Amino acid sequence: MPSELQTQKLLAVGVDVFQIYWTDEDKFQHAENLWRLVNHKGPRVLDVGCGVGAIGAIWQKRHPDLVVTGVNPDPLQASASAIPTTRGKFQECVDLPADYFDVVTFQYALGYMPSLHLALDKAADLLKAGGVLFIYDICCIDDTVRSLLDYRTYDIMEMKDALDYNFKDARVLFTADHSEVFRHSMESVGEDMAAVQLILSKTSPVCYRAVKVDNA
Ligand SMILES: C[S@@+](CC[C@H](N)C(=O)[O-])C[C@H]1O[C@@H](n2cnc3c(N)ncnc32)[C@H](O)[C@@H]1O
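Criteria and cut-off values
- Residues numbered from 1 in each chain as written.
- Predicted model: local features only at pLDDT ≥ 70, side-chain atom pairs only at ≥ 80, totals over all residues.
- Helix = DSSP H or I, 4+ residues; strand = E, 2+ residues; numbered from the N terminus.
- Rg over C-alpha atoms; globule rule 2.2 N^0.38 Å.
- Pairing = 2+ DSSP bridges.
- Axes fitted to C-alpha atoms, helices over the stretch in contact; angles between N-to-C directions.
- Contact = placed C-beta atoms within 7 Å.
- Near = placed C-beta within 6 Å.
- Nonpolar A, V, L, I, M, F, W, Y, C, P; charged D, E, K, R; others polar.
- Parallel < 35°, antiparallel > 145°, perpendicular 65-115°, else oblique.
- Core = buried A, V, L, I, M, F, W, Y, C linked by C-beta atoms within 7 Å.
- Buried ≥ 20, exposed ≤ 12 C-beta atoms within 10 Å, placed from the backbone.
- Right-handed = clockwise from strand over helix to strand, strands pointing away.

(A) Structural view of the overall build of the chain. Helix and strand content of the chain: 9 helices and 7 strands. Taken against the 2.2 N^0.38 rule, which gives 17 Å for 216 residues, the C-alpha radius of gyration of the chain at 16 Å falls within 12% of a compact globule. Overall size of the chain, expressed as C-alpha extent along the three principal axes, is 50 × 35 × 30 Å.

(B) Seen up close, the sheet that holds strand E4 (residues 101–107). Overall, mixed pairing links the 7 strands, which are arranged E3-E2-E1-E4-E5-E7-E6 in an open sheet. Of all strands in the sheet, those bounded by a partner on one side alone are strand E3 (85–87) and strand E6 (167–175). Taking each pair of neighbouring strands and ignoring which way they run, the sheet shows an average axis angle of 20°. Of the strand pairs in this sheet, strand E5 (residues 127–140) and strand E7 (residues 203–212) are connected by 9 bridges, and their pairing is antiparallel. For Val132, the partnering residue across the bridge sits in E7 and is Val211. On top of the sheet, helix H5 (residues 116–126) reaches strand E1 (44–48), E4, E5, E6 and E7; it is set at about 150° to E5, its chief contact.

(C) Layout of the site of the ligand. The full set close to the ligand counts 22 residues, and Gln19, Gly49, Gly51, Phe90 and Tyr112 are the nearest of them. Split by residue class, the shell around the ligand holds 13 nonpolar, 7 polar and 2 charged.

(D) The packing of helix H2 (residues 27–38) against helix H3 (residues 54–62), seen in detail. Running from amino to carboxyl end, H2 crosses H3 at an angle of 75°, the nearest separation of the two axes being 9 Å. Taken together, the axis directions place H2 and H3 in an arrangement best described as roughly perpendicular. Along its contact with H2, which presents Lys27, Phe28, Ala31, Glu32, Leu34 and Trp35, the element H3 presents Ala54, Ile55, Ile58, Trp59 and Arg62. Counted by class, the contact of H2 with H3 contains 8 nonpolar, no polar and 3 charged residues.

(E) The arrangement of the nonpolar core in detail. Judged by nonpolar contacts, the single largest core of 55 residues is most densely connected at Val104, Ala123, Leu133 and Ile135. Among the elements that line this core, the one with the most residues is E5, at 8 residues. When near neighbours in sequence (up to four residues on either side) are disregarded, Ala123 contacts Val104 and Leu133.

(F) Up close: the environment of Cys140. Here Cys140 shows up in strand E5. With 22 C-beta atoms packed within 10 Å, Cys140 lands in the buried category. Residues Cys140 and Val206, 66 residues apart in the sequence, show an inter-C-alpha distance of 9.7 Å. Once residues within four sequence positions are removed from consideration, Cys140 is found in contact with Val145, Arg146, Leu149, Thr153, Lys202 and Thr203.

(G) A look at H3. By the burial criterion, the buried members of H3 are Ala54, Ile55, Gly56, Ile58, Trp59 and Gln60. Those residues of H3 hidden inside the fold are in contact with H2, E1, strand E2 (67–72) and E4.

(H) Seen up close, the pairing of E2. With 5 bridges connecting them, E1 and E2 associate as parallel partners. Looking at E2, one finds that Val45 is bridged to Val68. For the crossover from E1 across H3 to E2, the handedness is right-handed. As defined by bridge partners, E2 adjoins E3 across 3 bridges and the pair is classed as parallel. Of the residues in E3, the one forming a bridge with Gly70 is Thr85. Running through helix H4 (residues 75–80), the crossover from E2 to the neighbouring parallel element E3 is right-handed.

Following this line, the structure appears as structure tokens:
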């Protein structure tokens, strides 16, 4: 997870979204594009690993019927969050209501969970039947780079297998290039520039959408 110093640097330069934009789009457009991919009308959204709540706040502003809440263990980010945020590690949060959320999303956060299966099981518990799990992440195309990342990446088949357990209609929605905004934010916090460049060249954004099955 980003160190306190990295978080301070990002917040100081005004980078409030730590993730991967489509090339050439601004963050409002990016948030709207993600919401279009979520493609669900229910109002209750949980953003796991919400950073400073930037995406949730944009969603909520553009769609006033939404109620977006976040989870984040980082005290600095949680206190700067633009959405109501439960402070804690997702896997340890016991007071989130079951069968309640219409959408649970992980955006560049799944790789911080200690267990993929436990995280997806918990997301399934929290979702209503028919609710949408939406994951926006990075995919690593080179094993040697995995060790450089302070983040766990999963390949697409591994993700689809994990999603099949509690969800139906699991789909890979897109992969794309990293944007300049993401490059800039990586470069502004990375200590080893050669490693940052290698990571950027060997990873790509990926999105998954799946629907909770009735009996999960
Ligand atoms: C790379 S940032 C992504 C932030 C935001 N989702 C975005 O896309 O801009 C990863 C986030 O996951 C949070 N995080 C790390 N471990 C977590 C955990 N166990 N449970 C919930 N959130 C976690 C970090 O504090 C950070 O806010």
